[in-house]
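Reading the structure
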Amino acid sequence: MGKSCLPLLWAACAGVGQLANAQVMNGVPRAPILEHAAPAQGATGQASHAGLTLAQALARAQAHPELQAAQLEWQASGHDVQQAGRRANPELSLALENANRRDSTGTVVLSQPLPLGGKRAARVQLAERGQDLAQADLAIKQAELRASVSTAFVEVLVAQERVQLAQAALVV
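Residues numbered from 1 in each chain as written. Predicted model: local features only at pLDDT ≥ 70, side-chain atom pairs only at ≥ 80, totals over all residues. Heavy atoms only, no water.

Taken over all residues, the pLDDT of the protein has a mean of 77, while the share at 70 or more is 71%. Across residues 1-49, confidence stays below pLDDT 50; counting only partners more than four residues off in sequence or on other chains, it has 99 contacts. (pLDDT = per-residue confidence, 0-100. Contact = heavy atoms within 4.5 Å.)

Here it is in structure tokens:
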């Protein structure tokens, strides 16, 4: 997920409107350098420039399509658990024999499936395991996204510091 997060951070930074010198390597946008950026203030993730903070980048990353898909999968799995616990619908069937004659006969059948042998409980357990799996998948995607955005953010701060050092060396 490391490669797919850099375009995300790049797009998040693009919303700030202060991009300069963005590079593309192997079709993947690399961490952009913000203009007029100041060095970071430490491990808090807050930079002293008017650009994007780590908290803002992480908040924007919540709109990532993969993360939203995982959240929707988890929500859908909760509905699967509810559905698995419900009884099957009754069935009604109608049959008409010899419809054109006077001695026609009709049959109406109403049936209700009754699961025996713990089948409903097994369906519920299976759906619950599916929900647990979807929740674990969501947690993994969230952790991967946080790690990727944080790494990309640090790369941007390092690049900004290098630009400042290079500019300072040119002035001297």
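Turning our eyes to something else, we now look at the pattern of salt bridges. Applying the stated criterion across every chain, the model contains two salt bridges. A salt bridge links aspartate 132 to arginine 129, with the nearest nitrogen and oxygen atoms 3.2 Å apart. Highlighted residues: aspartate 132 and arginine 129, both in helix 4 (residues 119-171), separated by three residues, approximately one helical turn. Of the residues examined, aspartate 132 reaches a relative accessible area of 38% and is grouped as partly exposed. Several salt bridges converge on common partners, so that one network encompasses Glu128, Arg129 and Asp132. (Salt bridge = Lys/Arg side-chain N within 4 Å of Asp/Glu carboxyl O. Helix = DSSP H or I, 4+ residues; strand = E, 2+ residues; numbered from the N terminus. Buried < 20%, exposed > 50% of the residue type's maximum accessible area, 1.4 Å probe, protein only.)

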